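Remarks on the overall topology
If you want the building blocks of each chain, they are given just below.
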Amino acid sequence: MREFTCKNIATAVITGFLVFSVAEVVAANEGMEHGSKHMSEAMAKQHHMMAMYVQAQVKINDSLRKSDARTVEAEAGKILVTIPDLKAAKPHKNLTQRKAMRQIAVAFEADIKMTVAAANKGHFARAKSAFAKAEARCNQCHAKFRD
Ligand code: HEC
């Protein structure tokens, strides 16, 4: 009887230990995933920023087609306020080339500003080509810094 209890306790301890280890491994794996995908608040902010870029991009293209300079400016403004964050963003790859990423961000900002300036003057053809350049920067940056 006594032996039986001892065995039970031993089994319980071992089982408890195993459960604990498994939980730890699961937690570590989750942590790792979060480490690469959503590591920090900054990273979450970056995702949010990119999602907004997509929406702004659609609206800007639409407003350029409609020669609606006010909406172009309003939507471009949403992008422009995020440029400091974009310059400071942590890329997913080529982490050692953050300077190159900042340079793309600087050029991207200039293209967006050019888009707004041209649209405000009623030069929509020029505004469209400036925005096409900005869109090429999205792709340029992603090719190098997004996985
Ligand atoms: C200077 C670099 C840079 C520019 C310019 C840039 N992006 Fe990104 N983008 C990134 C990086 C780095 C990631 C991956 C990291 C991340 O997702 O947070 C990313 C991710 C994304 C994603 C994936 C979703 C997500 O949240 O990860 C989308 C969509 C996106 N960008 C859209 C755009 C659009 C649209 C533009 C242009 C109007 C743009 N980006 C301009 C660097 C840039």
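Relevant structure appears above.
So, here's what we can say about the structure. (Residues numbered from 1 in each chain as written. Predicted model: local features only at pLDDT ≥ 70, side-chain atom pairs only at ≥ 80, totals over all residues.)

Points about the site of the ligand
- Not every one of the 22 residues close to the ligand is listed here, only the nearest: Q46, H47, M50, C138 and C141.
- For the shell around the ligand, the secondary-structure elements that each account for two or more residues are α2 (41-65), α5 (98-120) and α6 (124-145).
- The element that contributes the greatest number of residues to the shell around the ligand is α2, accounting for eight residues.
- Across the shell around the ligand, the residue classes break down as 15 nonpolar, five polar and two charged. (Near = placed C-beta within 6 Å. Helix = DSSP H or I, 4+ residues; strand = E, 2+ residues; numbered from the N terminus. Nonpolar A, V, L, I, M, F, W, Y, C, P; charged D, E, K, R; others polar.)

So, the environment of L80
- Examined against the element boundaries, L80 turns out to sit in helix α3 (residues 69-80).
- When the C-alpha atoms of L80 and I112 are compared, they prove to be 7.6 Å apart, with 32 residues separating the residues in sequence.
- Among residues more than four places away in sequence, those in contact with L80 are E109 and I112. (Contact = placed C-beta atoms within 7 Å.)

Overview of the nonpolar core
- V72, A119 and A127 are the most contacted members of the largest nonpolar core, which has 21 residues in total.
- Going through the elements one at a time, α2, α3, α5 and α6 are the ones with two or more residues in this core.
- Of the residues forming this core, the biggest block, seven residues, is contributed by α5.
- Contacts of V72, omitting those with residues within four sequence positions, involve I60, S63, L64, T115, V116, A119 and A127. (Core = buried A, V, L, I, M, F, W, Y, C linked by C-beta atoms within 7 Å. Buried ≥ 20, exposed ≤ 12 C-beta atoms within 10 Å, placed from the backbone.)

Regarding unusual backbone geometry
- Of note, the phi angle at S67 is positive, near 50°, even though the residue is not glycine.
- Summarising the element assignment, S67 is placed in the loop between α2 and α3.
- For S67, a count of 11 C-beta atoms within 10 Å gives the class exposed.
- Positive phi values are uncommon outside glycine, yet N94 reaches one of about 55°.
- Along the chain, the position of N94 falls in the loop between α4 (83-87) and α5.

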